[in-house]
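# Summary of the model geometry
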Amino acid sequence: MSFASLGLIDPLLRNLQDLNYQTPTPVQAKAIPAVLSGKDVMAAAQTGTGKTAGFALPLLQRLVQHGPAVSSNRARVLLLVPTRELAEQVLQSFIDYGRGLDLRFLAAYGGVSINPQMMALRKGVDVLVATPGRLLDLHRQNAVQFDQVQTLVLDEADRMLDLGFARELDAVFAALPVQRQTLLFSATFSDDIRAMAAGILRSPVNISVSPPNATASNIKQWVVPVDKKNKPDLFMHLVAENQWEHALVFVKTRNGVDYLAAMLDDAGYAVDTIHGDKPQPARLRALERFKSGEVQMLVATDVAARGLDIDDLPLVINVDLPIVAQDYVHRIGRTGRAGASGVAVSLVCADEAPQLAAIEALIRQTLRREEEPGFEAEHRVPQTSATGEIIKKPKKPKKPKAPNVAPGASQVPGKKPRPQSGENKRKPAAQRAVAVGKGAGSPSGNPFSAQRPRSKPASKPASQPTAGSRKPAGKPAGGRGKRQP
Ligand code: AMP
């Protein structure tokens, strides 16, 4: 099947050729004709399926072919997204696909000044990509009116509800013209999403494509069981041992992000971070620098998980599993796109068994486990299965205590002796390509609640090419603007 056979006009086909899109993805093959015909669409599709082009291409065509020119302070297509990052990404897609079409596009989101957005809206825009809160602000201030809206698109509708935008969405729906086309894209369809869809869609075309990435065979996924306190050390060890040079790293908390970023920085990597406390321009800068290769390791919290558009990213490292299983699929969605092969490795501790079970149930596969020698988990991660079960081993009957157990020997039959204090479980430092500083684990057992190590690691391999000289050649080594304020 070709894009031409879907009824797209020449300027769009030329742009697709320039982007080297040869054939439509399944969601595009279904969505493009439906949207072109003016019907409502409800699509179960997530990041990585090509869904953005699935709605952007036919909407661009309809904008060119139908309806009057846009008036001032109006928008013809209103596209709602959950995050600023996704807003920027979708905007970029419209710019790429709509090159040469003489249409105006704008992304409007919070966290940045509203004034430039108000100025840009004065002339009117054909496509307004917005987060719900900022859109309502603009509407309340009369910077945008909705009477010319011909199409409403909800992208990642499930995520918008997860983020608590239900009320804002209702307020937007209430203010829109009743006569319009509505497209709803969501990775999951909970009862809430279905209820919302029932209220805003009219006889929609239903489109469903199977989860693309988590189950894709071109992504090598595995889990490394490890004790929580050893996660940072294990992470650094894996990065060095596998010579991973460009990776998106996910951590649960902002502290964790800063902590790992500091370790990577100490080990000589060019690193940047994305988290919720960071101003939007700094986040976008971090992303750009990562995409360009100037930054090797981008350490992020969930806030960055959706909406990042990074092609051909070879590696995603989950230092913590996401709380919401769906986010795993979104994270992994960064790798192995459009046929590229990817690697996704997750460091999992015993506490995370429920999350692991939920993820395996969602992707309908049990993830392979590979312990890393020297980092074996003392707190065993319970067995999980693709049915979402946590398999508890039956308790062994108690046996009478053996007398005269030697120090260091096993106290419990069948259990490995625990290392005595001072006994180093890990490989000797010389064996590790990247040495990590003391203090990786805090007394509370949460390695990320500790401050970053004050001193550089004692055995930092200054002369080892594996870790000491990883920053990309030709990039400024010092003022890399590592972590933003
Ligand atoms: P999306 O699911 O919309 O986030 O798109 C995922 C990625 O696939 C983006 O980087 C697109 O540029 C790319 N893409 C979308 N459609 C195609 C296609 N038909 N051929 C090649 N790449 C595509």
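Since the structure is predicted, the reported quantities are computational estimates derived from the model, not experimental observations.

### Some words on the pattern of salt bridges
Opposite charge on two side chains lets them pair, provided their charged atoms get close. Under the criterion given, the structure shown has 16 salt bridges. Lys231 is paired through a salt bridge with Glu352; the nearest N and O atoms lie 2.8 Å apart. Here Glu352 lies in the loop between strand E13 (342-348) and helix H14 (353-363) and Lys231 lies in helix H10 (residues 231-241), a separation of 121 residues in the sequence. What makes Lys231 buried here is its relative accessible area of 1%. Across the pair Asp277 and Arg254 runs a salt bridge whose closest N-O atoms are separated by 2.9 Å. Of this pair, Asp277 sits in the loop between strand E10 (271-274) and helix H12 (280-292) while Arg254 sits in helix H11 (residues 254-266), and the two are 23 residues apart along the sequence. Through salt bridges with shared partners, a single ionic network connects Asp272, Lys278, Arg289 and Glu294.

### What about the side chain of Thr384?
Within the secondary structure layout, Thr384 lies in strand E15 (residues 383-384). The class of Thr384 is buried, set by a relative accessible area of 3%. A polar atom in the side chain of Thr384 sits 2.6 Å from the side chain of Glu360.

### Considerations on the packing of helix H13 (residues 325-332) against H14
Here H13 crosses H14 at 65°, and the two axes come no closer than 8 Å. Taken as axis vectors, H13 and H14 run roughly perpendicular relative to one another. The handedness of the crossing between H13 and H14 comes out as right-handed. On the side of H13, the interface is formed by Ala325, Gln326, Tyr328 and Val329, while H14 contributes Ala358, Ile359, Leu362 and Ile363. Looking at side-chain class alone, the contact of H13 with H14 contains 7 nonpolar, 1 polar and no charged residues.

So, how was this worked out
- Residues numbered from 1 in each chain as written.
- Predicted model: local features only at pLDDT ≥ 70, side-chain atom pairs only at ≥ 80, totals over all residues.
- Heavy atoms only, no water.
- Salt bridge = Lys/Arg side-chain N within 4 Å of Asp/Glu carboxyl O.
- Helix = DSSP H or I, 4+ residues; strand = E, 2+ residues; numbered from the N terminus.
- Buried < 20%, exposed > 50% of the residue type's maximum accessible area, 1.4 Å probe, protein only.
- Polar contact = N/O pair within 3.5 Å; in protein donor to acceptor, adjacent residues only side chain to side chain.
- Axes fitted to C-alpha atoms, helices over the stretch in contact; angles between N-to-C directions.
- Parallel < 35°, antiparallel > 145°, perpendicular 65-115°, else oblique.
- Left-handed = near helix turned anticlockwise from the far one by under 90°.
- Contact = heavy atoms within 4.5 Å.
- Nonpolar A, V, L, I, M, F, W, Y, C, P; charged D, E, K, R; others polar.

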